[in-house]
Amino acid sequence: MAAPTICMGQYLFRRIKQLGTEHILGVPGDFNLTLLDEIYNVSGLKWIGCCNELNGAYAADGYTRIKGSPAVLVTTYAVGELSAMNGVAGAYAEHAGMIHIVGMPARSMQKARAMLHHTMKANMDHATYIHMAAPIRETHAYLMDDKIMAEEIDRTIVACVRSRLPVYIYVPVDAVQVQLDAKRLETPLDVGVHNGDGKIEDQIVSSILSLIEKASDPVILADVLTVRHGGRELARELAELTQFASYSTPLSKGVIDETLPYYNGLYNGKVSFPGVAEAIEHSDLVLNLGPLLSDSNTGGFTREIKDDYLVLLGHDSCQVKDQKFYGVHFLPILKKLVTELKANPQKYNLPRPQKAPRTETPVLNDLKSGEIKQSYVWQRLGRFLRKDDILLVESGTAQFGMPDATFPPNVKLITQTFWSSIGFTVGACFGALIAAKELKYAGRVVLIVGEGSLQMTVQEIGSYIRYGFKPIIFVINNNGYAIERAIHGPEQGYNDVSMMWDYQKMLGFFGAREDTGVKAKSRATKTVEELEAVLKDDDFASGNSIQLCEIFMDTFDYPWRLTEQIAISRARTKRDADKLTAASGEA
């Protein structure tokens, strides 16, 4: 009796379904159409069409951040995969790995180097675009050989889940119906994170425990890769067990419940509220989890934590004071650390509340009337949020303003402070909505986006409505690219955008109107009184229908964090230039 087989297309999508994925994102194209057919042959999988491939990649990123497992994006050869590349690169930079499946020409056409549409010249190597994507993926599978297709699919999926980085699977049209061993699907993939040497793990844990035992003023700094690599709940458990003063960063805001007495604020180097940087930088033990040390996540590289007091647990290395352990992932270590502390709290004098009073968040501007100001709006929007909300904050003034707010418990933040691709959140919101649906998530989805960013990727608002989603959308209308104006050229025309768009008619244009039966409401606010009326409106806040609030603000009004970080960057640039001048003079 012949061994049972299954076509490659179904094998691929069944493996993906085993990850818990319920929706496949993408854009159809002639080289992926027969592959897309196989989605409909896998029970529990549904196709979700995106308006374009870039937005699809953004959506995959947003889905991954909320679901905690990789999204799947399907595009076509060349034009589709290249359009998605910026979104995939952002997911690589910020560890929101997706499985990007690319439909390719038939293997015979590739081997003949046929001058097909989507190629660029005669005799072109059809793998050219595969090479282009090399820097923005963890690994890839190029399914040219029948004998190893199943192994290559499995290897690539496992690498994606473990690394939290994007991977590519390249599928020639004629490979879709290749028959593979169906029995392989009976063995689940091992996607757990494992370090090769358990003794090294134990050594690191032992050293950390010894430091905790001796420390008089320990703190926890939980950064964004803690969340990306599945350590969010462990970090929260560590904070609750120890009750050490605990901090987030701009990218990890919300990782620790900000209403708890041991949450002490957001650390961003010199771009922090008063008392925050001093408390961390004067601590005799900083447990730094999942760091991402980019300029905008460290206050323009003004973080000052000395190695003598640092335990750094990263995704590719760990550090205990001045001793570094390369190739070691923090997740198994954090699990062991929490287990030991939970088993022996008395030994480590836990819980151990902080000695100094909690650092309170200052109220920046308690406006009651008049023009809406940056110093007022972000903390006010923070008070609008509810427990369990998913919040998307766009690159620009919102990204630098929202850290001023205090979040309710369990708010999940999506922002892209590192990669900072304008327009990201509009697509990412679509993916977050899909993930929230799969998880049966109780909270609302709230999108805050500037009108300049919105104009980049606005089409995907139509997808929210098409698929019945009901986010609350705030459009910050301040007459162009405010963050760019703050950096350079405040009155230059290149920082302008079209001010002829009518955002009050946007939801209707995309399909939310009486004749389609989709309920929606849009409001414009130019004063504090008007904004307060919207934020206090129960219907607006309910999340029962898609809602839009346009907030008008002054063109040249910027959040203090943005202004401060720009000043730090300019000062560093001047110092570097002065040093070069002095060095050339001496020469």
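Keep in mind the model is a prediction, meaning the values are calculated, not measured.

### Some details on the overall build of the protein
Okay, step 1: In terms of regular secondary structure, the protein is built from 22 helices and 21 strands.
Okay, step 2: Over its C-alpha atoms the protein spans a radius of gyration of 25 Å, differing by no more than 12% from the 25 Å that the globule rule assigns to 587 residues.
Okay, step 3: Every one of the 587 residues in the protein was classed for burial, and the buried ones make up 58%.
Okay, step 4: Long-range pairs, those at least 24 residues apart, make up 75% of the contacts in the protein with a sequence separation of at least 6.
Okay, step 5: Roughly 23,800 Å² of accessible area belongs to the protein as shown, and the carbon and sulfur atoms make up 54% of that amount.
Okay, step 6: Of the charged side chains in the protein, 61 are positive and 69 negative; the average position of the first set lies 3 Å away from that of the second.

### A word on the sheet that holds strand S11 (residues 263-266)
Okay, step 1: Within the open sheet, the 7 strands sit side by side as S11-S10-S9-S12-S13-S14-S15. Their pairing is mixed. Across the chains shown, the open sheet's two edge strands, defined by having one partner strand only, are S11 and strand S15 (323-326). Neighbour to neighbour, the strand axes of the sheet diverge by 15° on average, direction disregarded.
Okay, step 2: Pairing between strand S14 (residues 317-320) and S15: 4 bridges, direction antiparallel. Across the sheet, residue Cys318 finds its bridge partner in S15, namely Phe325.

### Considerations on the UniProt feature "binding site: Mg(2+)" (unreviewed entry) in the protein
Okay, step 1: UniProt annotation of "binding site: Mg(2+)" (unreviewed entry) refers to Asn478 and Gly480 when read in the numbering used here.
Okay, step 2: Mapping Asn478 onto the fold places it in the loop between strand S19 (472-477) and helix H18 (482-487).
Okay, step 3: Relative to the helices and strands, Gly480 is located in the loop between S19 and H18.
Okay, step 4: Since its relative accessible area comes to 5%, Gly480 is described here as buried.

### Section: helix H22 (residues 560-586)
Okay, step 1: The end-to-end C-alpha distance of H22 is 39 Å, a good match for the 39 Å that 27 residues give at a rise of 1.5 Å each.
Okay, step 2: Arg561, Leu562, Gln565, Ile566 and Ile568 are the residues of H22 that are buried.
Okay, step 3: Structurally, H22 contributes buried residues whose contacts are with S11, helix H14 (397-401) and H18.

### Focus: the pattern of salt bridges
Okay, step 1: Overall, the coordinates contain 31 salt bridges when judged by the stated rule.
Okay, step 2: Two residues, Glu360 and Arg358, come together in a salt bridge whose shortest N-O distance is 3.9 Å.
Okay, step 3: Overall, Glu360 belongs to the exposed group, its relative accessible area being 56%.
Okay, step 4: The residue Asp537 makes a salt bridge to Arg523 at a minimum N-O spacing of 3.7 Å. One end of the pair, Asp537, is in the loop between helix H20 (528-535) and helix H21 (538-542); the other, Arg523, is in strand S20 (residues 520-525), with 14 residues separating them in the sequence.
Okay, step 5: For Asp537, a relative accessible area of 26% translates into the label partly exposed.
Okay, step 6: With relative accessibility at 11%, the residue Arg523 sits in the buried group.
Okay, step 7: A single network of salt bridges, built from pairs that share partners, joins Arg15, Glu151, Asp154 and Arg184.

### Details of the UniProt feature "domain: Thiamine pyrophosphate enzyme TPP-binding" (unreviewed entry) in the protein
Okay, step 1: In the numbering used here, UniProt assigns the "domain: Thiamine pyrophosphate enzyme TPP-binding" (unreviewed entry) feature to residues 410-536.
Okay, step 2: This span, residues 410-536, is 38% helix and 17% strand, and a straight line between its end C-alpha atoms measures 22 Å.

### Let's talk about the domain arrangement of the protein
Okay, step 1: Segmentation of the protein into domains returns domain 1 (5-186), domain 2 (198-348) and domain 3 (374-565).
Okay, step 2: A separation of 31 Å is found between the C-alpha centroids of domain 2 and domain 3.
Okay, step 3: Contacts between the two partners involve 20 residues from domain 2 and, on the opposite side, 20 residues from domain 3.
Okay, step 4: Of the roughly 1,700 Å² buried at the junction of domain 2 and domain 3 (both faces included), carbon and sulfur atoms supply 59%.
Okay, step 5: Of all residues in domain 2, the largest losses of buried area upon contact with domain 3 belong to Lys253, Val271 and Phe273, amounting jointly to 33% of the total for that side.
Okay, step 6: Inspection of the region where domain 2 meets domain 3 yields 0 salt bridges.
Okay, step 7: The interface formed by domain 2 and domain 3 holds 5 residue pairs in polar contact (both at pLDDT 80 or more) in total.

### What to know about a nonpolar patch on the surface
Okay, step 1: On the surface, Leu82, Met120 and Met132 cluster together into a nonpolar patch covering about 270 Å² of accessible area.
Okay, step 2: Position of Met120 among the secondary structure elements: in the loop between helix H5 (107-111) and helix H6 (128-132).
Okay, step 3: Judged by its relative accessible area of 55%, Met120 falls in the exposed class.

### Some remarks on the packing of aromatic side chains
Okay, step 1: Taken as a whole and assessed by the stated rule, the structure comprises 14 aromatic pairs.
Okay, step 2: Both rings, one in Phe384 and one in Phe540, keep their centres 5.7 Å apart while their planes meet at 45°; by these two values the pair is tilted. Here Phe384, found in helix H13 (residues 374-384), pairs with Phe540, found in helix H21; they are 156 residues apart in sequence, far enough to count as distant. Neither residue differs from the other here; Phe384 and Phe540 are each classed as buried.
Okay, step 3: Relative to Phe540, the ring of Phe474 lies with its centre 5.7 Å away and its plane at 70°, an arrangement referred to as edge-to-face. Taken as a pair, Phe474 in strand S19 and Phe540 in helix H21 lie far apart in primary sequence, 66 residues in all.
Okay, step 4: Between Arg444 and the ring centre of Phe384, over which it is positioned, the NZ or CZ distance is 4.5 Å.
Okay, step 5: Just above the ring of Phe273 sits the side chain of Arg561; from NZ or CZ to the centre is 4.8 Å.

### Side note on unusual backbone geometry
Okay, step 1: Leu350 connects to Pro351 through a cis peptide bond whose omega is -5°.
Okay, step 2: Here Pro351 lies in the loop between helix H12 (330-343) and H13.
Okay, step 3: The backbone of His95 shows a phi angle near 55°, a positive value even though the residue is not glycine.
Okay, step 4: Position of His95 relative to the elements: it lies in the loop between helix H4 (79-93) and strand S5 (99-104).
Okay, step 5: The residue Asn349 is not glycine, and still its phi comes out positive at about 55°.
Okay, step 6: Relative to the assigned elements, Asn349 resides in the loop between H12 and H13.
Okay, step 7: Since its relative accessible area comes to 48%, Asn349 is described here as partly exposed.

Parameters at a glance
- In this convention, every chain numbers its residues from 1, walking through the sequence in written order.
- Local features in this predicted model are restricted to residues of pLDDT 70 or higher, and side-chain atom pairs are both shown and tallied only at a pLDDT of 80 or more, whereas totals for entire chains, interfaces and linings draw on every residue.
- The basis for every side-chain value is the complete set of heavy atoms in the structure, and neither hydrogens nor water enter the calculation.
- Strands are runs of DSSP state E lasting at least 2 residues, helices are runs of H or I lasting at least 4, and numbering of each runs from the N terminus.
- All radius of gyration figures rest on C-alpha atoms, and the globule criterion is 2.2 Å times the number of residues raised to 0.38.
- For the exposure calls, accessible area comes from a 1.4 Å probe over protein chains only, and a residue counts as buried if that area is under 20% of its type's maximum, exposed if over 50%, partly exposed in between.
- We call two residues contacting when some pair of their heavy atoms lies within 4.5 Å.
- Areas reported here follow the Shrake-Rupley algorithm with a probe of radius 1.4 Å; residue values treat only the protein chains shown as occluding.
- We score Asp and Glu as negative and Lys and Arg as positive, and we do not count His or the chain ends.
- To locate a charge, take atom NZ for lysine, CZ for arginine, CG for aspartate or CD for glutamate.
- If DSSP finds at least two bridges between two strands, the strands pair.
- Note on definitions: angles span 0 to 180 degrees between N-to-C directions of axes, and those axes are lines fitted to C-alpha atoms, for helices only across the stretch in contact.
- UniProt positions are given in the numbering used here, feature names are shortened, and annotations may be inferred rather than shown by experiment.
- Each helix should span, by expectation, one fewer than its residue count multiplied by 1.5 Å.
- Just to be clear on terms, a salt bridge is a Lys or Arg side-chain nitrogen sitting within 4 Å of an Asp or Glu carboxyl oxygen.
- Where each domain begins and ends follows an automated or database-derived domain assignment.
- By buried area we mean the combined loss of accessible area, with a 1.4 Å probe, across both parts when two parts are placed together.
- Definition of a polar contact: a pair of N or O atoms within 3.5 Å, with one able to donate and the other able to accept a hydrogen when the atoms are protein atoms, and with sequence-neighbouring residues admitted only if both atoms are side-chain atoms.
- To count toward a patch, a residue needs a relative accessible area above 30% and no salt bridge. Like charges then connect within 9 Å, nonpolar side chains (Val, Leu, Ile, Met, Phe, Trp, Tyr) within 5 Å.
- Whether two aromatic rings pair depends on their centres lying within 6.5 Å, for rings of Phe, Tyr and Trp, where Trp uses its six-membered ring; planes under 30 degrees apart make the pair stacked, over 60 edge-to-face, and the rest tilted.
- Definition used: whenever NZ (Lys) or CZ (Arg) falls within 6 Å of the ring centre and also within 35 degrees of the ring normal, the charge is taken to sit over that ring.

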